[in-house]
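The primary structure of each chain is shown beneath.
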Amino acid sequence: MAVSDRDDPRHGIDGRPGRFSRYDLVLTVIPVAFLLAGLASQVTPVAPQTTLGAAALISALGLVDALFVNPPQA
């Protein structure tokens, strides 16, 4: 059975090499969510626990997607 190069995990979302992969995107979203939560808790009257909880939820959804919905292919 032939294996397509498009299935190579080193290839990006659009299948071309050298682009960001879906997993790079997840690893970028996690710290950005927490940075935005910290910023939002400083400039709005919303409690830090609320914004950090929202960031944790966003991060958890990204991890669930990356690990279980669209897991890495071996």
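See above for the structure.
Note that the coordinates shown come from a computational prediction; the quantities given were computed from them, not determined experimentally.

**Some points on the overall build of the protein**
(1) Moving on: A tally of helices and strands in the protein yields 2 helices and 0 strands.
(2) Moving on: The buried share of the protein, taken over its 74 residues, is 20%.
(3) Moving on: Of the accessible surface of the protein, which amounts to about 5700 Å², a share of 69% is contributed by carbon and sulfur atoms.

**So, the environment of Asp65**
(1) Moving on: In this structure, Asp65 sits in helix H2 (residues 48-69).
(2) Moving on: Through-space distance from the C-alpha of Asp65 to that of Val26 is 8.8 Å; in sequence the pair is 39 residues apart.
(3) Moving on: Setting aside chain neighbours within four positions, we find Asp65 in contact with Arg22 and Asn70.
(4) Moving on: Within the structure, the side chain of Asp65 is placed 3.2 Å from the side chain of Arg22, a separation counted as a polar contact.

**A look at H2**
(1) Moving on: Along its 22 residues, H2 runs 30 Å from first to last C-alpha, staying within 8% of the 32 Å computed at 1.5 Å per residue.
(2) Moving on: Those residues of H2 that sit buried are Thr51, Ala55, Ser59, Gly62, Asp65 and Ala66. On an axial view of H2, the arc spanned by its buried residues comes to 115 degrees, and they lie on one face. Facing away from the buried surface of H2 by more than 90 degrees, the exposed residues are Gln49, Leu57, Leu61, Phe68 and Val69.
(3) Moving on: Looking at the packing, one finds that the buried side of H2 touches helix H1 (22-43).

**Looking at the side chain of Ser59**
(1) Moving on: Tracing the backbone shows Ser59 in helix H2.
(2) Moving on: Look at Ser59 and you get buried, because its relative accessible area is 7%.
(3) Moving on: Residues contacting Ser59, with those up to four places away along its chain left out, are Ile30, Ala33 and Phe34.

**Remarks on the environment of Val29**
(1) Moving on: As for its placement among the helices and strands, Val29 is situated in helix H1.
(2) Moving on: Along the chain, Val29 and Gly62 lie 33 residues apart, while their C-alpha atoms are 7.7 Å from each other.

**Comments concerning the packing of H1 against H2**
Between two packed helices, the angle of one axis relative to the other and the distance separating the axes together describe the packing.
(1) Moving on: Following both chains from N to C, one finds H1 and H2 inclined at 175 degrees, their axes separated by 8 Å at the closest point. Judged by the inter-axis angle, H1 sits roughly antiparallel to H2. Taken together, the residues of H2 that come into contact with H1 (itself represented by Arg22, Tyr23, Val26, Val29, Ile30, Ala33, Phe34, Ala37, Ala40 and Ser41) are Pro48, Thr51, Leu52, Ala55, Ala56, Ile58, Ser59, Gly62, Leu63, Asp65 and Ala66.
(2) Moving on: For the contact of H1 with H2, the residue count by class is 15 nonpolar, 4 polar and 2 charged.

Conventions adopted
- Residues numbered from 1 in each chain as written.
- Predicted model: local features only at pLDDT ≥ 70, side-chain atom pairs only at ≥ 80, totals over all residues.
- Heavy atoms only, no water.
- Helix = DSSP H or I, 4+ residues; strand = E, 2+ residues; numbered from the N terminus.
- Buried < 20%, exposed > 50% of the residue type's maximum accessible area, 1.4 Å probe, protein only.
- Areas by Shrake-Rupley, 256 points an atom, 1.4 Å probe, with all protein chains shown as cover.
- Contact = heavy atoms within 4.5 Å.
- Polar contact = N/O pair within 3.5 Å; in protein donor to acceptor, adjacent residues only side chain to side chain.
- Expected span 1.5 Å × (residues − 1).
- Arc of directions from axis to C-beta.
- Axes fitted to C-alpha atoms, helices over the stretch in contact; angles between N-to-C directions.
- Parallel < 35°, antiparallel > 145°, perpendicular 65-115°, else oblique.
- Nonpolar A, V, L, I, M, F, W, Y, C, P; charged D, E, K, R; others polar.

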